[in-house]
Amino acid sequence: MREVAASPPSVQLVVDSPERMRELGRKLAKLLRAGDLVMLTGELGAGKTTLTRGLGEGLGVRGAVTSPTFVIARVHPSLGDGPPLLHVDAYRLSGGLDEMEDLDLDVSLPESVIVVEWGEGRIEELTEDRLQLVIHRAVGDTTDEVRHVTLTGLGDRWAGTDLSVLSA
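Throughout what follows, the structure given in this document is the object of discussion.

Basis of the calculations
- Residues numbered from 1 in each chain as written.
- Predicted model: local features only at pLDDT ≥ 70, side-chain atom pairs only at ≥ 80, totals over all residues.
- Heavy atoms only, no water.
- Buried < 20%, exposed > 50% of the residue type's maximum accessible area, 1.4 Å probe, protein only.
- Helix = DSSP H or I, 4+ residues; strand = E, 2+ residues; numbered from the N terminus.
- Pairing = 2+ DSSP bridges.
- Core = buried A, V, L, I, M, F, W, Y, C linked by side-chain atoms within 4.5 Å.
- Contact = heavy atoms within 4.5 Å.
- Salt bridge = Lys/Arg side-chain N within 4 Å of Asp/Glu carboxyl O.

**Focus: the pairing of strand β5 (residues 113–117)**
- Of all five residues in β5, five are buried; the element is thus mostly enclosed.
- By the alternation rule, side chains of β5 split into Val113, Val115 and Glu117 and Ile114 and Val116, which are all buried.
- Strand direction decides the pairing type here: strand β4 (residues 85–89) and β5, joined by five bridges, are parallel. Along β5, the bridge assignment pairs Leu85 with Val113.

**A closer look at the nonpolar core**
- Among the nonpolar cores identified, the biggest contains 27 residues, and Leu24, Leu28, Leu131, Leu133, Val149 and Leu151 are the most heavily contacted of them.
- For this core, the secondary-structure elements that each account for two or more residues are β1 (10–15), α1 (18–29), β2 (37–42), α2 (48–59), β5, β6 (130–137) and β7 (147–154).
- For this core, the leading source of residues is α1, giving four residues.
- Other than its neighbours up to four places away in sequence, Leu151 contacts Pro9, Ser10, Val11, Leu13, Leu28, Leu131, Gln132, Leu133, Leu163 and Leu166.

**Here we look at the environment of Gly153**
- The topology assignment puts Gly153 in strand β7.
- For the pair formed by Gly153 and Leu133, sequence separation is 20 residues and the distance between their alpha carbons is 8.9 Å.
- The contact partners of Gly153, leaving out residues within four places of it in the chain, are Pro8, Pro9, Arg130, Leu131, Trp158 and Leu163.

**Things to note about the pattern of salt bridges**
- Taken as a whole, this structure holds six salt bridges when the rule is applied.
- Two residues, Arg22 and Glu57, come together in a salt bridge whose shortest N-O distance is 1.9 Å. One end of the pair, Arg22, is in helix α1; the other, Glu57, is in helix α2, with 35 residues separating them in the sequence.
- Look at Arg22 and you get partly exposed, because its relative accessible area is 26%.
- Among the ionic pairs, Arg26 bridges to Glu57, the shortest N-O distance being 2.7 Å. Taken together, the positions of Arg26 in helix α1 and Glu57 in helix α2 put the pair 31 residues apart, joining distant regions of the chain.
- For Glu57, a relative accessible area of 35% gives the class partly exposed.
- Three or more residues joined by partner-sharing salt bridges are found here, namely Glu19, Arg22, Arg26 and Glu57.

And the structure:
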């Protein structure tokens, strides 16, 4: 007899506006703690930075959360006793973990919440414990604000976490 691994916790949401995407980020912040890695995947304009802006609000960090595309990474210190937010945009990074290692994410991970946009194929080796968010939008239709968001918790950190609280 073999043990069958439980499927990772997952939830699918429909988000119908940028404000609701920020709200999702604020709700998600309540589940996050120092040491968490969040990987965001989605087309250009899908709402990755908007969601991260809401995360920053929910975590109570300093500074405006904007896309770090040209600086690659921004640190937003906590205004209270929570963890800082490290916001990374890996869009311009061509390499895998080697290029990401130059950012010393493994050093920052234990005391920070790290959010990586465009991290797929680049950060999976950093830790088995991560929250993956995939944001789908209608490609080519820029007037449609509806997004389909799939959140999946991977690793021991997320086992048993009820992600359905995000849909409330």
